[in-house]
Amino acid sequence: MNTAAPQRTFCLHNDVFAFPNETIWHHENGRALWERAGKGTSDGEKYMRRCFVLTRSATQFWRFARFAPDEARPSATELARCIRAVVSRPLWNSKRQPERVTIPGFANLREASAAEPDIFRSTLGGWWQSYFRIGNWRIILPNGPHHQRAAFSLLRQLLAKDGPTVLWLVNFPWLSINHAVLVAHETAGAPGHFEVYDPNLPDKPQTLVYDEAFSQFNYPPTFYFRGGAVGVRLAYHKLWH
């Protein structure tokens, strides 16, 4: 069932997945120990290498789905069909699609993905969608202060025009970070501070900060990153990005 629904504010608690993108390696104080992390999901495999899948999908659910908690919950087959219908819609398509896919039986994405994590994990997309994404070729391009100023300007434009925006955080050729996050909004009263959904840390929003004096983005310390400067590239707003 499809139905129209008005746009709404992205909620960093309700509009994200309840389960994390897990890391391949163990980390300690932001450093990879280069030892395989343990197994996690019910089928014996960790749900990892899907930061792009989760950030892209969260944006697609915000833009293309409508939750109907008063309706009966769907069967596993029907829920999987609904998920596929949402994530098959490209974010870079500039043509508006007012008809949304109805997800019955749940109030929001967090509730649905907490209730049926295996269905979501098996349906959203494979790890290869992160590794073989069309826009990954841009990792070899320069990403200096001039490019970061341009990214900052474009990020603000996209947030105002389209809402939540996926960013690729990368410090190539170094491997300190190579990760996707979803920017929800710029913090009111704090220019250059952006609240983000980090799929590695789904229970707590993170803050990405743009330092105008140095034309540089900074990301806070996490279990997988020591914190500090990150190169930013915008993702999914064009076919080749």
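Check the entry above for the structure.
This text gives an overview of the structure that appears in the document. (Residues numbered from 1 in each chain as written. Predicted model: local features only at pLDDT ≥ 70, side-chain atom pairs only at ≥ 80, totals over all residues. Heavy atoms only, no water.)

Describing the overall build of the protein
Thinking step 1. Secondary structure assignment for the protein yields six helices and eleven strands.
Thinking step 2. Counting all 241 residues of the protein, 48% fall into the buried class.
Thinking step 3. Partitioning the intrachain contacts of the protein with sequence separation of at least 6 by distance along the chain shows that 67% fall at a separation of at least 24.
Thinking step 4. Only carbon and sulfur atoms are counted for the fraction: they give 56% of the accessible area of the protein, which is about 12000 Å². (Helix = DSSP H or I, 4+ residues; strand = E, 2+ residues; numbered from the N terminus. Buried < 20%, exposed > 50% of the residue type's maximum accessible area, 1.4 Å probe, protein only. Contact = heavy atoms within 4.5 Å. Areas by Shrake-Rupley, 256 points an atom, 1.4 Å probe, with all protein chains shown as cover.)

Some points on the side chain of Asp15
Thinking step 1. You can see Asp15 is positioned in the loop between strand 1 (2–4) and strand 2 (25–28).
Thinking step 2. Here Asp15 falls in the buried class, since its relative accessible area comes to 4%.
Thinking step 3. Looking at Asp15, its side chain comes within polar contact range of the main-chain nitrogen of Cys11, at 2.7 Å.
Thinking step 4. Those residues in contact with Asp15 that sit more than four places away from it in its chain are Arg8, Thr9, Phe10, Ala58, Trp62 and Leu109. (Polar contact = N/O pair within 3.5 Å; in protein donor to acceptor, adjacent residues only side chain to side chain.)

As for the pairing of strand 6 (residues 165–170)
Thinking step 1. Where burial is concerned, most of strand 6 is hidden: six out of the six residues are buried.
Thinking step 2. The alternating pattern of strand 6 places Thr165, Leu167 and Leu169 on one face and Val166, Trp168 and Val170 on the opposite face, and all of these are buried.
Thinking step 3. The pairing of strand 6 with strand 7 (residues 178–186) spans six bridges and is antiparallel. Its bridge partner lying in strand 7, Val170 is registered against Asn178.
Thinking step 4. As defined by bridge partners, strand 6 adjoins strand 11 (residues 228–235) across five bridges and the pair is classed as antiparallel. What sits directly across from Trp168, in strand 11, is Arg233. (Pairing = 2+ DSSP bridges.)

Remarks on the pattern of salt bridges
Thinking step 1. In the structure shown here, the tally under the stated rule is five salt bridges.
Thinking step 2. In this structure, the salt-bridge partner of Glu186 is Arg156, at a minimum N-O distance of 2.8 Å. With Glu186 in strand 7 and Arg156 in helix 6 (residues 145–161), this residue pair connects regions lying 30 residues apart in the sequence.
Thinking step 3. Classification of Glu186 as partly exposed rests on a relative accessible area of 25%.
Thinking step 4. Taking the relative accessible area as the measure of exposure, Arg156 reaches 36% and is therefore partly exposed.
Thinking step 5. Among the ionic pairs, Asp162 bridges to Lys161, the shortest N-O distance being 3.3 Å.
Thinking step 6. According to the relative accessible area criterion, Asp162 is buried, its value standing at 16%. (Salt bridge = Lys/Arg side-chain N within 4 Å of Asp/Glu carboxyl O.)

Looking at the nonpolar core
Thinking step 1. Phe17, Phe61, Ile103, Phe120, Leu124 and Tyr197 are the most contacted members of the largest nonpolar core, which totals 40 residues.
Thinking step 2. Here this core gets eight residues from one element, more than from any other, and that element is helix 1 (residues 51–64).
Thinking step 3. Tyr197 has contacts with Leu12, Val16, Phe17, Leu54, Thr55, Ala58, Val181, Leu182 and Pro202, leaving out every residue within four places of it along the chain.
Thinking step 4. Formed by 21 residues, the second largest nonpolar core is a distinct cluster that contains Leu155, Ile177, Val196 and Leu208. (Core = buried A, V, L, I, M, F, W, Y, C linked by side-chain atoms within 4.5 Å.)

Some details on the packing of aromatic side chains
Thinking step 1. Taken as a whole and assessed by the stated rule, the structure comprises 13 aromatic pairs.
Thinking step 2. Where Phe52 meets Trp168, the ring centres are 6.0 Å apart and the plane angle is 70 degrees; that geometry is what we call edge-to-face. Of the two residues, Phe52 sits in helix 1 while Trp168 sits in strand 6, which places them 116 residues apart along the sequence. Residues Phe52 and Trp168 agree in their burial class; the two are buried.
Thinking step 3. Residues Phe61 and Phe67 carry aromatic rings whose centres are separated by 6.3 Å and whose planes lie at 25 degrees to one another, so their mutual orientation is stacked.
Thinking step 4. Among the aromatic residues, those joined into a ring-pair cluster are Phe17, Phe19, Tyr47, Phe61, Phe67 and Phe120.
Thinking step 5. Positioned above the aromatic ring of Phe19 is the side chain of Arg121, whose terminal nitrogen or guanidinium carbon lies 5.2 Å from the ring centre. (Phe/Tyr/Trp six-rings, centres within 6.5 Å; stacked < 30°, edge-to-face > 60°. Lys NZ or Arg CZ within 6 Å of the ring centre and 35° of its normal.)

Looking at the sheet that holds strand 9 (residues 206–211)
Thinking step 1. Here six strands make up a closed barrel; going around it, the order is 6-7-8-9-10-11 and the pairing antiparallel. Strand-to-strand twist of the sheet, defined as the mean angle between neighbouring strand axes without regard to direction, takes the value 45 degrees.
Thinking step 2. Bridging between strand 9 and strand 10 (residues 216–219) involves three bridges; their strand directions are antiparallel. Of the residues in strand 10, the one forming a bridge with Val209 is Asn218.
Thinking step 3. Together, strand 6, strand 7, strand 8 (193–197) and strand 11 form the strand contacts of helix 1, whose direction differs from that of strand 7 by roughly 25 degrees. (Axes fitted to C-alpha atoms, helices over the stretch in contact; angles between N-to-C directions.)

Fair warning: the whole summary comes from geometry, so function is off the table for now.
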